[in-house]
Amino acid sequence: MTKGTFDWKTPVTWYLIFIVTIWILFRGLAGDYEFFEKTESLSMISGYVAFLFVGLTLVIGPLQRWLPPGRFRSFVLRGRRYAGITAGLLAVIHVATVLKIYEEGPGYILFKEQRGDVQGWWTLFVSRGIEGDLFIAPFFTTIANYMGLFAFLWLIFLLVTSSNRAQYTLGSSAWNQLHAGNMVIFILVTFHALLYVTNIKGSPHGYGDFFYVVIIVLLIRWLTFGRAVAKMKIRG
């Protein structure tokens, strides 16, 4: 391939891999959510799978360092961009379905007892007082939703800048620093999810669904870092 031409094989291959992966995950999780409305099930499954793909963006880079130099290693590294794009698209589905749930009111199981007859997407972030005034209530629900909002906005910004043109416009240094923020997104989404599991809606999700993912991500990154330090000492 000559310089400047578009390598269509890489994105097509990665997206096919991710589409099959998403299909397997959705099929595997669907049985645990049969009790819920379809929109509600879609919101929770898409949110969880988006979390997995954010985690994937954090381990592709370290994992490719364990591979021998060559075309396959380069192919694996390029998958990080497409994993991030996939995570962003899944996050859009998650947020869109959650907004739909809140607009349609308490007919869904999600927060039905807590919300009563209150509806509207704005209730994700503010509450209405007795006299009708709006305020930000320091409840676990509100805190979790703001964490999710910040993670979503950051992820969308990374999504729209995930192109060679954006990288050229921003400059490689600024672009790399911006996209290194996927760790912050991962932390925000993790706490967003754990607040829901702990205080709001734990079933069918549990601690392990998120805890083990975090452990795997951190373990891979720590092992890769330790390997790099060991190599530097040997060379020194």
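Keep in mind that what you see is a predicted model, and the values were worked out from it rather than measured.

Per the secondary structure count, the protein chain includes nine helices and two strands. Along its sequence from the N terminus, the protein chain presents helices and strands in the succession α-α-α-α-β-β-α-α-α-α-α. Expressed as a percentage of its 236 residues, the buried residues of the protein chain come to 39%. Taking all contacts inside the protein chain whose residues are at least 6 apart in sequence as the whole, residues at least 24 apart take part in 64%. Summed over its atoms, the accessible surface of the protein chain is roughly 14400 Å², and 68% of this surface lies on carbon and sulfur atoms.

All right, on to the packing of helix H2 (residues 38-64) against helix H3 (residues 71-104) then. Their axes nearest at 7 Å, the elements H2 and H3 cross at an angle of 160 degrees. Relative to H3, the element H2 is oriented roughly antiparallel. Pair H2 / H3 crosses with left-handed handedness. Among the residues making up the contact of H2 with H3, the classes are represented as 16 nonpolar, twelve polar and four charged.

So, on to the confidence of the model for the protein chain. One rule of thumb: low pLDDT means the predicted coordinates there are not for detailed reading. Per-residue pLDDT for the protein chain averages 80, and the proportion of residues at 70 or more is 80%. The least confident element of the protein chain, judged by mean pLDDT, is helix H4 (residues 112-115) at 46; the most confident is H2 at 92. Low pLDDT (under 50) marks residues 1-6, which in the prediction has three contacts with non-local residues, meaning those over four places away or in another chain. Taken as a whole, residues 111-117 scores under 50 in pLDDT and shows 16 contacts with residues more than four places along the chain or in a different chain.

Before going further, it helps to spend a moment on the environment of leucine 67. Inspection of the secondary structure puts leucine 67 in the loop between H2 and H3. Judged by its relative accessible area of 25%, leucine 67 is partly exposed. Apart from residues no more than four positions distant in its own chain, leucine 67 is found in contact with Phe72, Arg73 and Val76.

The tendency in soluble globular proteins is for nonpolar side chains to be buried side by side. Formed by 39 residues in total, the largest nonpolar core has its most connected members in Val49, Phe51, Phe53, Ile185 and Phe186. Only helix H1 (9-30), H2, H3, helix H5 (140-160), helix H8 (182-200) and helix H9 (207-235) provide two or more residues apiece to this core. Among the elements that line this core, the one with the most residues is H2, at eleven residues. What phenylalanine 186 contacts, discounting residues up to four positions off in sequence, is Phe51, Val54, Gly55, Leu58, Val213, Val214 and Val217. Formed by five residues, the second largest nonpolar core is a distinct cluster that contains Val98, Ile101, Tyr102 and Phe125.

Quick notes on the rules
- What you see as residue numbers is a count from 1 along each chain, following the sequence as written.
- Per-residue local features are limited, in this predicted model, to residues with pLDDT of at least 70; the limit for side-chain atom pairs, both in listing and counting, is 80 or more; totals at the level of whole chains, interfaces and linings are taken over all residues.
- Calculation of side-chain values draws on the structure's entire complement of heavy atoms; hydrogens and water are dropped beforehand.
- Helix and strand definitions here come from DSSP, where helices need a minimum of 4 consecutive H or I residues and strands a minimum of 2 consecutive E residues; each element is numbered from the N-terminal end.
- Think of it in three bands: residues with accessible area under 20% of the maximum for their type are buried, residues over 50% are exposed, and the middle band is partly exposed, with areas taken using a 1.4 Å probe on protein chains only.
- Contacts are assigned to residue pairs with any non-hydrogen atoms lying within 4.5 Å of each other.
- Each accessible area is a Shrake-Rupley result for a 1.4 Å probe, and residues are judged covered by the shown protein chains and nothing else.
- A fitted line through C-alpha atoms serves as each axis, taken over the contacting stretch for helices, and the angle formed by two N-to-C directions is quoted from 0 to 180°.
- Any angle that is under 35 degrees is reported as roughly parallel, and any over 145 degrees as roughly antiparallel; angles of 65 to 115 degrees are reported as roughly perpendicular and all others as oblique.
- In a left-handed crossing the near helix is turned counterclockwise from the far helix by less than a right angle, and in a right-handed crossing that turn is clockwise.
- Amino acids outside the nonpolar list (Ala, Val, Leu, Ile, Met, Phe, Trp, Tyr, Cys, Pro) and the charged list (Asp, Glu, Lys, Arg) are all regarded as polar, and Gly is one of them.
- Residue-level confidence of the predictor is what pLDDT reports, using numbers from 0 through 100.
- Remark: nonpolar core denotes a set of buried residues (Ala, Val, Leu, Ile, Met, Phe, Trp, Tyr, Cys) joined through side-chain atoms within 4.5 Å.

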